[in-house]
Amino acid sequence: MARSAAGDTGARPYLARRKVTLVECGDVGDPVDVDLPEDLEPWRNAAGGAPGTR
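Residues numbered from 1 in each chain as written. Predicted model: local features only at pLDDT ≥ 70, side-chain atom pairs only at ≥ 80, totals over all residues. Heavy atoms only, no water.

Participant: How should the overall build of the protein chain be read in this particular structure?
Facilitator: Secondary structure assignment for the protein chain yields 2 helices and 0 strands. Considering the protein chain as a whole, with its 54 residues, one finds that 6% of them fall into the buried category. Surface summary for the protein chain: the accessible area is close to 4,900 Å², and the carbon and sulfur share equals 55%. (Helix = DSSP H or I, 4+ residues; strand = E, 2+ residues; numbered from the N terminus. Buried < 20%, exposed > 50% of the residue type's maximum accessible area, 1.4 Å probe, protein only. Areas by Shrake-Rupley, 256 points an atom, 1.4 Å probe, with all protein chains shown as cover.)

Participant: Honestly, the environment of Asp39 in this entry has me stumped. Any pointers?
Facilitator: Position of Asp39 among the secondary structure elements: in helix H2 (residues 37-47). In contact with Asp39, other than residues within four places in its own chain, are Asp33 and Val34. (Contact = heavy atoms within 4.5 Å.)

Participant: Quick question: what am I supposed to make of a nonpolar patch on the surface here?
Facilitator: Where nonpolar side chains cluster on the molecular surface, the patch consists of Leu15, Val20 and Leu22 and spans about 320 Å² of accessible area. Note that Leu15 resides in helix H1 (residues 12-16). For Leu15, a relative accessible area of 43% translates into the label partly exposed. (Patch = residues over 30% accessible without salt bridge, like charges linked within 9 Å, V, L, I, M, F, W, Y side chains within 5 Å. Salt bridge = Lys/Arg side-chain N within 4 Å of Asp/Glu carboxyl O.)

Put into structure tokens, the structure is as follows:
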């Protein structure tokens, strides 16, 4: 799957070729989109640490 991911499309083409089961997950946490290392820094500052360290 990693080889088929490109740009901001992510896994969309991969999933389009497969049967998927949608799972509601509207309450699983922070909706922040972190794509690049620089996107992570504001989240770290607000959350008090890196993901998985709280």
